[in-house]
Amino acid sequence: MASHYEAPIREPLIIGDKSYHDITKDVAAPVEGKANKQWWIVFIISMAAFLWGAGCMLYTIGTGIGTWGLNKTVGWAWDITNFVWWVGIGHAGTLISAVLLLFRQKWRMAINRSAEAMTIFAVVQAGLFPIIHMGRPWMGYWVLPIPNQFGSLWTNFNSPLLWDVFAISTYLSVSLVFWWTGLLPDFAMLRDRAVRPFQKKIYGLLSFGWSGRAKDWQRFEEVSLVLAGLATPLVLSVHTIVSMDFATSVIPGWHTTIFPPYFVAGAVFSGFAMVQTLLIIMRKVCNLEAYITLQHIELMNIIIMVTGSIVGCAYITELFVAWYSGVEYEQYAFLNRATGPYAWAYWMMMTCNVFSPQFMWSKKLRTSIIFSFGISIVVNVGMWFERFVIIVTSLHRDYLPSSWTMFSPSFVDIGIYVGTIGFFFVLFLLYARTFPVIAQAEVKSILKSSGENYKKLRDGNHE
Amino acid sequence: MSSKVVQALYNDDDVLMHAVKEVRAADHHIEEVFTPFPVHGLDKAMGLPHTRIAIAAFCYGLVGLAFATWMMNYMMIQNWPQDIGGKPSMSFWYNMPSFVPIMFELTVFCAAHLMVITFYMRSKLWPFKEAENPDPRTTDDMFLMEVSVKGNEDELTAFLQNTGAVEIKVTEKH
């Protein structure tokens, strides 16, 4: 037992008297059981939203971008707001699976699988927006550096929009293989437990014939470590590049050097809020409270508080620099944000993102499940408004006062946004019923060091 | 000579680790060990050499970087230089700062994907591959050690029994 020593001061990560077999049973239960009524209700609602959104997308593609609320002055609005919002949400999954792996944080093991699933599903939603905004998505392959029929005119590698193409596709595909590699041993567990031949076949196919040889595990751990090392700078680069879509332009309110770190912090902030929203429900519905404990919720709340405060600092720095720069246009852009016709959106953002996470300083509040759930929703709303404020308020006051306008979304804008939320939940709900939602192999490897029963046993016969 | 193996099942990782060390000390040959989760130090105890997959990943990353550099130089500088926002298109080095993001992305892309493909090939993992763990419980809570039989079979079984095995089976290895 000596090799499994962990300081007694650390709270157990696996609650109750669990054995290796119990972990197998608990993780396999949601997959092997039947869906309950609530699952079907939420699934049907999400599916309806998704179908409505798909209809709106088809209408956009068939008729054109004119179906949106865009105008001559505000040429970018909900589409890119939603794009940045979804990419940002994705960031927490990689942070949990990669950065916390590099820091050897054992608490990540109960939540990394679902967080990564969330990443992949969120990036899928994000990817839809640039594609439908092309207007002619069947020309989508023009963003790839392939010689075209007009001669060898290439894509423009000076453009941050093209960097985005490379960043998002690298991010999505690398996240996917990272996730799948981790899933192999867990699919193998489901395969070896399956009683119905169809299930056995499907999980056999998905598990790629994983057998758990010592050499496979050695490579598995090395590959996970290297992928974590690659995914960490990758995730930072993705939102950095997303922020450059704005920062490299010359629009007051966009043209700021603080954007990359500010966007990355915001992304982690919103992503953790979404993980919190999903896992608070999942631990209850799937009976995983022994693995996703109150401590997990508390630690995520602390990250939300820290990143929320970083975002708050960035907002204030932006205001200060706008004033300090002495540039009239820049000063006006920020004054207009806080006091202009979109002030309600600005103060909504400030309240949700800077003020609300400060409650987490209180131990009592950050260990309250209901309160954490509420804050996680508030933060997601706030982060959507942040992107809306940055994009729309910077554009709606043009250099020419005669071009000043407001933006109001059409039903198509709203439909597409609601549709992606529906699509996201459809994917996540299907995942929750068919995938091992906890990385059970990894959790088993920390049972002896961080399981409540083993900790008690060890601390009982202390030297 | 027949290639018989003894399959010893253990129900605890610490007992298994101990057993692996004892079996090695007694000069028996461990064919394979199947475990439900990564048991730390097992590879070392079994005497497995280090994996070189991280070195391979580094090399793949260099390939990605070289490819990105070549591609952007060819497309933007050699083949069709364009004046885009006054950015210098006549020299790779002057234009290079704009190329850094994609150089980075392709480095990561190649390193990650080629490393994972290497891992899948080397460990023989792909769709429709049949699983090869001899007992389905080895993905749940059992640990299986295969020891090749050389000399007295009963003696070996008794020896393994003493190391804490909960089940022992002798089979023909194909």
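Attention shifts here to the overall build of chain A. Along its length, chain A carries 16 helices and zero strands. In terms of C-alpha radius of gyration, chain A reaches 24 Å, essentially the compact-globule figure of 23 Å for 463 residues. Expressed along its principal axes, the backbone C-alpha trace of chain A runs to roughly 80 × 55 × 45 Å. Expressed as a percentage of the 463 residues in chain A, the buried residues total 60%. Just so you have it, chain A exposes about 18600 Å², and 71% of that area is on carbon and sulfur atoms. Looking at charge distribution, chain A has the averaged site of its 33 positive side-chain charges lying 8 Å from that of its 27 negative ones.

This part takes up the interface of chain B and chain A. With 65 residues of chain B at the interface, the matching set in chain A holds 58 residues. Approximately 5600 Å² of surface area, both sides summed, lies buried where chain B meets chain A, with 64% of it carried by carbon and sulfur atoms. A salt bridge links Glu32(B) to Arg213(A); the nearest nitrogen and oxygen atoms lie 3.8 Å apart. Joining chain B to chain A, the criterion identifies 28 residue pairs in polar contact (both at pLDDT 80 or more). Elements supplying a minimum of two residues to the side of chain B that touches chain A: α1 (13-25), β2 (30-34), α2 (42-46), α3 (53-79) and α4 (92-122) of chain B. No other element matches the 18 residues that α4(B) contributes to the side of chain B that touches chain A. Of the residues assigned to the side of chain B that touches chain A, the class counts are 39 nonpolar, twelve polar and 14 charged.

Time to look at the pairing of strand β1 (residues 4-10) of chain B. Residue and element names in this part refer to chain B. With six of its seven residues buried, β1 lies for the most part within the structure. Relative to strand β4 (residues 167-172), β1 is paired through six bridges, and the arrangement is antiparallel. Counterpart to Val6 in the pairing with β4 is Val170. Bridging between β1 and strand β3 (residues 143-148) involves six bridges; their strand directions are antiparallel.

Below, the discussion takes up helix α8 (residues 259-285) of chain A. Counting along an α-helix, one turn takes 3.6 residues, and residues three or four places apart therefore face a common direction. Residues and elements named next belong to chain A. For α8, with 27 residues, the first-to-last C-alpha span of 39 Å sits near the 39 Å given by 1.5 Å per residue. Of all 27 residues making up α8, 23 are buried, and the element is well covered by its neighbours. In the stretch just after α8, Asn287 is the one whose phi turns positive, near 55°.

Residue and element names in this part refer to chain A. Enumeration over the complete set of coordinates arrives at three cavities of 30 Å³ or more. The volume enclosed by the largest cavity comes to roughly 60 Å³. As for the largest cavity, its lining consists of Gly93, Thr94, Ser97, Glu116, Thr119, Ile120, Val174, Ser175, Phe178 and Ala231. Elements with a contribution of two residues or more to the lining of the largest cavity: α3 (78-102), α4 (112-133) and α5 (160-193). Classifying every residue of the lining of the largest cavity by side-chain character gives four nonpolar, five polar and one charged.

All names here are of chain A. The phi dihedral of Phe208 falls on the positive side, at around 55°, and the residue is not glycine. Its location among the elements puts Phe208 in the loop between α6 (197-206) and α7 (214-247). At Asn287, a position not held by glycine, the phi torsion is positive, near 55°. When you line up the elements, Asn287 lands in the loop between α8 and α9 (294-325).

All names here are of chain B. Read across the open sheet, the four strands follow the order β2-β3-β1-β4; overall the sheet is antiparallel. Two strands lie at the open edges of the sheet, namely β2 and β4, each paired on one side alone. Across the sheet, the mean angle separating the axes of adjacent strands is 20° when strand polarity is ignored.

Membership of the largest hydrophobic core comes to 183 residues, with the highest contact counts inside it found for Phe157(A), Tyr431(A) and Met145(B). With 17 residues, the top contributor of residues to this core is α5(A). In terms of domain composition, this core takes at least three residues from each of domain 1 (4-36 + 141-172) and domain 2 (53-122) of chain B. The contacts of Phe157(A), once residues within four sequence positions are left out, are Pro145(A), Leu162(A), Trp163(A), Phe166(A), Met71(B), Met72(B), Met75(B), Met76(B), Ser98(B), Phe99(B) and Ile102(B).

Moving on, we get to the packing of α3(A) against α4(A). Residues and elements named next belong to chain A. Packing of α3 against α4 leaves a shortest axis separation of 7 Å and a crossing angle of 155°. By the criterion of interaxial angle, the relationship of α3 to α4 is roughly antiparallel. Handedness of the α3/α4 crossing: left-handed. On α4, the residues touching Asp79, Asn82, Phe83, Trp86, Val87, Ile89, Gly90, Ala92, Gly93, Thr94, Ile96 and Ser97 of α3 are Asn112, Ala115, Glu116, Met118, Thr119, Ala122, Gln125, Ala126, Phe129, Pro130 and His133.

The rules behind the values
Residues numbered from 1 in each chain as written. Chains lettered and ligands numbered in written order. Predicted model: local features only at pLDDT ≥ 70, side-chain atom pairs only at ≥ 80, totals over all residues. Heavy atoms only, no water. Helix = DSSP H or I, 4+ residues; strand = E, 2+ residues; numbered from the N terminus. Rg over C-alpha atoms; globule rule 2.2 N^0.38 Å. Buried < 20%, exposed > 50% of the residue type's maximum accessible area, 1.4 Å probe, protein only. Areas by Shrake-Rupley, 256 points an atom, 1.4 Å probe, with all protein chains shown as cover. Lys, Arg positive; Asp, Glu negative; His and termini not counted. Charge placed at Lys NZ, Arg CZ, Asp CG, Glu CD. Contact = heavy atoms within 4.5 Å. Buried area = accessible area lost by both parts, 1.4 Å probe. Salt bridge = Lys/Arg side-chain N within 4 Å of Asp/Glu carboxyl O. Polar contact = N/O pair within 3.5 Å; in protein donor to acceptor, adjacent residues only side chain to side chain. Nonpolar A, V, L, I, M, F, W, Y, C, P; charged D, E, K, R; others polar. Pairing = 2+ DSSP bridges. Expected span 1.5 Å × (residues − 1). 1 Å grid on protein atoms, 1.4 Å probe; cavity = no way out; pocket = protein on both sides within 12 Å on 5 of 7 lines; lining within 4 Å. Points joined across faces, edges and corners; volume = space filled by probe spheres on them. Axes fitted to C-alpha atoms, helices over the stretch in contact; angles between N-to-C directions. Core = buried A, V, L, I, M, F, W, Y, C linked by side-chain atoms within 4.5 Å. Domains from an automatic or database assignment. Parallel < 35°, antiparallel > 145°, perpendicular 65-115°, else oblique. Left-handed = near helix turned anticlockwise from the far one by under 90°.

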